[in-house]
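Coordinates in review
Here are the chains, one letter per residue:
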Amino acid sequence: AYRFCKQLIEKDASIQFVWATMSPFTSGVVAAKLTQKLGIRSIVDYRDPWMLNHYHQRSKWKEFFNVRIERRMLESASVVTVNTKPVQALFSKHHPDLKDKIYVLNNGIDEEMQFIQSDFSENQDAFFDFYHVGSFYKDRQPYTLLDAIKVLEDEGSKYPLRLHFIGCRNIE
């Protein structure tokens, strides 16, 4: 990935920054190397924490190395984005010298966006599909989503509702 991106950046002078969305966390490592070797700015975008994620179990030696790799990655980034204010606080606590470049970029929908209305009338087999892509942890469960779907169902949704979970679930 590094060699490909390096060649691409060297061929196209209009590329001004690299945006690395994680996971996989190697994308952030590649962005850090591009920043260090080519001087291009990078944005490191966390959808979930890497080494500060206490739900992930890892060996001590792996943690030892990955903490240092992540730190170098964070130092080289021009901007670090996380998906919630609590994660921003966590990163700021563990990396106080970097807190001024850590911003929240929420998952979800911008309420000011205008949406295209879909017409399902041509398709008699249409479903209203909901997708949750991500992880559920002990204290992070889909109750609000399920409550909202129940309201839609109770109000008599025009189309059958389907719910899809893609990702890990920890039900302990």
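The structure under discussion appears in the preceding block.
For clarity, every value in this text was computed on a predicted model and none was experimentally measured. (Residues numbered from 1 in each chain as written. Predicted model: local features only at pLDDT ≥ 70, side-chain atom pairs only at ≥ 80, totals over all residues. Heavy atoms only, no water.)

1. Some words on the packing of helix α1 (residues 2-11) against helix α2 (residues 26-38)
The N-to-C vectors of α1 and α2 enclose an angle of 45°; their axes lie 10 Å apart at closest approach. Regarding the angle of α1 to α2, the classification is oblique. Where α1 crosses over α2, the two elements pack in a sense that is right-handed. Contacts from Tyr-2, Cys-5, Lys-6, Ile-9 and Glu-10 of α1 reach α2 at Val-30, Lys-33, Leu-34, Lys-37 and Leu-38. Tallied by class, the residues present in the contact of α1 with α2 amount to 6 nonpolar, no polar and 4 charged. (Axes fitted to C-alpha atoms, helices over the stretch in contact; angles between N-to-C directions. Helix = DSSP H or I, 4+ residues; strand = E, 2+ residues; numbered from the N terminus. Parallel < 35°, antiparallel > 145°, perpendicular 65-115°, else oblique. Left-handed = near helix turned anticlockwise from the far one by under 90°. Contact = heavy atoms within 4.5 Å. Nonpolar A, V, L, I, M, F, W, Y, C, P; charged D, E, K, R; others polar.)

2. Some details on a nonpolar patch on the surface
On the surface, Tyr-143, Leu-146, Leu-163 and Phe-165 cluster together to form a nonpolar patch covering roughly 360 Å² of accessible area. Broken down by secondary-structure element, the contributors of at least two residues to the nonpolar patch are α5 (143-154) and β6 (161-166). Relative to the assigned elements, Phe-165 resides in strand β6. (Patch = residues over 30% accessible without salt bridge, like charges linked within 9 Å, V, L, I, M, F, W, Y side chains within 5 Å. Areas by Shrake-Rupley, 256 points an atom, 1.4 Å probe, with all protein chains shown as cover. Salt bridge = Lys/Arg side-chain N within 4 Å of Asp/Glu carboxyl O.)

3. A word on the nonpolar core
With 17 residues, the main nonpolar core has Tyr-46, Met-73 and Phe-91 as its most contacted residues. Within the residue set of this core, elements represented by two or more residues are β2 (41-46), α3 (60-76), β3 (79-82) and α4 (85-94). Residues contacting Phe-91, with those up to four places away along its chain left out, are Tyr-46, Pro-49, Leu-52, Glu-70, Leu-74, Val-82 and Ile-102. Judged by nonpolar contacts, the second largest core, of 8 residues, contains Val-30, Ala-31, Leu-34 and Ile-40. (Core = buried A, V, L, I, M, F, W, Y, C linked by side-chain atoms within 4.5 Å. Buried < 20%, exposed > 50% of the residue type's maximum accessible area, 1.4 Å probe, protein only.)

4. What to know about the pattern of salt bridges
Taken as a whole and assessed by the stated rule, the structure comprises 5 salt bridges. In this structure, Glu-10 engages Lys-6 in a salt bridge whose closest nitrogen and oxygen atoms are separated by 2.9 Å. One end of the pair, Glu-10, and the other, Lys-6, are both in helix α1, 4 residues apart, so they sit about a helical turn from each other. A residue is classified by how much of its surface remains accessible, and Glu-10, at 48% relative accessible area, is partly exposed.

5. Structural notes on the sheet that holds strand β1 (residues 17-22)
Strand order in the open sheet formed by 4 strands is β1-β2-β3-β4, with parallel pairing between adjacent strands. Looking at which strands have only one partner, the edges of the open sheet turn out to be β1 and β4 (102-104). Taken pair by pair, the neighbouring strands of this sheet meet at an average axis angle of 20°, ignoring direction. Note: β3 against β4, 3 bridges, orientation parallel. Residue pairing in the sheet places Thr-81 in a bridge with Tyr-103 of β4. Its contacts with the sheet put α4 on β2, β3 and β4, and the angle it makes with β4 is roughly 170°. (Pairing = 2+ DSSP bridges.)

6. Observations regarding the pairing of β2
By the criterion of burial, β2 is predominantly enclosed, with 5 of the 6 residues buried. Of the strand pairs in this sheet, β1 and β2 are connected by 6 bridges, and their pairing is parallel. Counterpart to Met-22 in the pairing with β2 is Tyr-46. Since β1 and β2 lie parallel, the crossover through α2 that links them has a hand, and here it is right-handed. Both β2 and β3 contribute to a ladder of 3 bridges, which runs parallel. Residue pairing across strands places Ile-43 opposite Val-79, the latter belonging to β3. (Right-handed = clockwise from strand over helix to strand, strands pointing away.)

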